[in-house]
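# Remarks on the overall topology
These are the residues of each chain, in order.
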Amino acid sequence: MWSCIKDFFTYETTKSVVVKSWTIGIINRIVQLLIITYFVGWVFLHEKAYQVRDTAIESSVMTKVKGFGVHNDKVMDVADYVTPTQGASVFCIITKMITTENQVQGFCPETEKKFSCSQDIDCMSRLNKPGSYGILTGRCVPFNDTVRMCEIKGWCPAEIDTVEITPMMEVENFTIFIKNSIRFPIFNYTKGNFLSTITSSYIKQCNFDKVNNTYCPIFRVGDVIQYAQQNFSKLANKGGVIGIKIGWTCDLDKADDQCNPSYSFTRLDAMSQKNSVSPGYNFRFAKYFKMENGTDYRTLIKAYAIRFDVLVNGNAGKFNMIPTLINMVAAFTSVGVGTVLCDIILLNFLKGAEQYKAKKFEEVSDSQLDTHKDGLYRSQLSLRRSETIMKSSDSGAFSIERYS
């Protein structure tokens, strides 16, 4: 116990030892150079650690689609093929529709093959399971002259979605207009994706491309799908989800015209390309009407669409003294890592390590081991007389030099 107490109440002070060795000196300077290069090149110049950053970007997106197409011998405009109609950041362009007209509430046979039957008992076993298009009644009824199906109660006639429909290929030439405004709240900085040099005449004729018109806010659908590395024919036939990403990385220490958006494109439902169970993207909606006698009827539409998600992200940075000082202190402190590495090599791997240990570590006790006339204490660790010890010009520093 007493030994533990004595070990606890100890004090360590720094002792400076100068080692004149080419090997350890070169290692020390190389490590220091690497650390300084890292902080100057990566931390300060690349990562701009002298700035305070705002990543809580606030964003508003408005969209508008233009174009005409032909589907089932009908001319389609924006009101027919775009949903929802509010012009939000997420919208769909319908490329193919399977319609089931004049549906009314009643009883009718199912249309999927798994509900085929020969007698009522085949359908009774399915009563506790949902039908595809309605509630099963448990009866087996004729579907046509040769096939019988389980009966449902619901909107009749039931949908048949296995028919082949040609997609609206004109969608490839439709255009998407995107208006984006952003704000970085920490700096109260606002900006939009309309550059100050953009004019109304330029907007009417430009289309975005990655070489000549990198800041044009009008995107051709075919180009967007090509930039996302997708095939338009497959997307038009089965549907899919495409992401239009707008990135804002702004250095507010520079001029305002240097803060501009960058656009990138990707397919967001990549898993549906590998899944044969539910490929692509589709949804159903209905248009409701009323007969003269008050009976409701509807037209059911199964729509295959390309969904576009406009995603906005970004961050802004501006010079601030606090992160600058913190990172400068970290840089100066990290230079000392070279000393730690060199000590490990010096005390464990170089020839004469014991000699270096004797010079670097010395234990002094309060007990007077050997009192001289001058009243000084002698160290518990006696130094080898064969070593050449020279006091340096610095107080408390020793210089060690190896002689061959």
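In what follows, the structure referred to is the one given above.
All of these numbers come straight from a predicted model, not from anything done at the bench.

This part is about the environment of G154. Residue position: G154 is located in strand β9 (residues 148–156). Taking the relative accessible area as the measure of exposure, G154 reaches 10% and is therefore buried. Along the chain, G154 and Q103 lie 51 residues apart, while their C-alpha atoms are 9.2 Å from each other. Filtering out sequence-adjacent residues up to four positions away, G154 remains in contact with V104, Q105 and G106.

What follows deals with helix α9 (residues 321–335). Taking 1.5 Å per residue as the helical rise, α9 with its 15 residues ought to reach 21 Å, and the 21 Å between its terminal C-alpha atoms agrees with that figure. Listed as buried for α9 are P323, T324, N327 and A331. Relative to the axis of α9, the buried residues are bounded by an arc of 105° and lie together on one face. Turned more than 90 degrees away from the buried face of α9, the exposed residues are I322, I326, V329, F332 and T333.

Looking now at the pattern of salt bridges. When the charged atoms of two side chains lie near each other, side chains of opposite charge can form a pair. Tallied over the entire structure, the rule returns 11 salt bridges. D161 is the partner of K302 in a salt bridge, and the nearest nitrogen-oxygen pair spans 3.0 Å. Residue K302 is located in strand β16 (residues 296–319), and its partner D161 is located in the loop between β9 and β10 (175–184); the two are separated by 141 residues in the primary sequence. Since its relative accessible area comes to 7%, K302 is described here as buried. What makes D161 partly exposed here is its relative accessible area of 22%. Between D223 and R220 there is a salt bridge, with the nearest N and O atoms lying 2.9 Å from each other. Judged by relative accessible area, D223 falls into the buried class, the value being 17%. Taken together, the salt bridges that share partners define one network made up of E159, D161, R284 and K302.

Okay, unusual backbone geometry next. Omega for the peptide link from T83 to P84 comes to -10°, which places this bond in the cis form. Its location among the elements puts P84 in the loop between β6 (82–83) and β7 (90–109). Geometrically, the link from C156 to P157 is a cis peptide bond, its omega value of 0° lying close to zero. Position of P157 relative to the elements: it lies in the loop between β9 and β10.

Before going further, it helps to spend a moment on the pairing of strand β13 (residues 240–251). Remark: a regular strand shows side chains that alternate across the two faces of the sheet. Extensive coverage of β13 is indicated by the burial of 10 of its 12 residues. Where β13 lies against β16, 12 bridges are found, and the strand directions are parallel. In the strand pairing of β16, G243 is matched with D309.

This part covers the state of the cysteines. For the structure on display, the rule yields 5 disulfides. Each sulfur of the disulfide joining C108 and C156 lies 2.1 Å from the other. Sign of the S-S torsion, about -80° for the bond between C108 and C156, identifies this disulfide as left-handed. Of this pair, C108 sits in strand β7 while C156 sits in strand β9, placing them 48 residues apart in sequence. For C156, a relative accessible area of 8% translates into the label buried. Between the sulfur atoms of C250 and its disulfide partner C259 the distance amounts to 1.9 Å. Judged by the torsion about the S-S bond (55°), the C250/C259 disulfide is right-handed. Judged by relative accessible area, C250 falls into the buried class, the value being 2%. The connectivity of the disulfide-linked cysteines in the protein chain, indexed sequentially, is 1-6, 2-4, 3-5, 7-8, 9-10.

So, how was this worked out
Residues numbered from 1 in each chain as written. Predicted model: local features only at pLDDT ≥ 70, side-chain atom pairs only at ≥ 80, totals over all residues. Heavy atoms only, no water. Helix = DSSP H or I, 4+ residues; strand = E, 2+ residues; numbered from the N terminus. Buried < 20%, exposed > 50% of the residue type's maximum accessible area, 1.4 Å probe, protein only. Contact = heavy atoms within 4.5 Å. Expected span 1.5 Å × (residues − 1). Arc of directions from axis to C-beta. Salt bridge = Lys/Arg side-chain N within 4 Å of Asp/Glu carboxyl O. Pairing = 2+ DSSP bridges. Disulfide = S-S within 2.5 Å.

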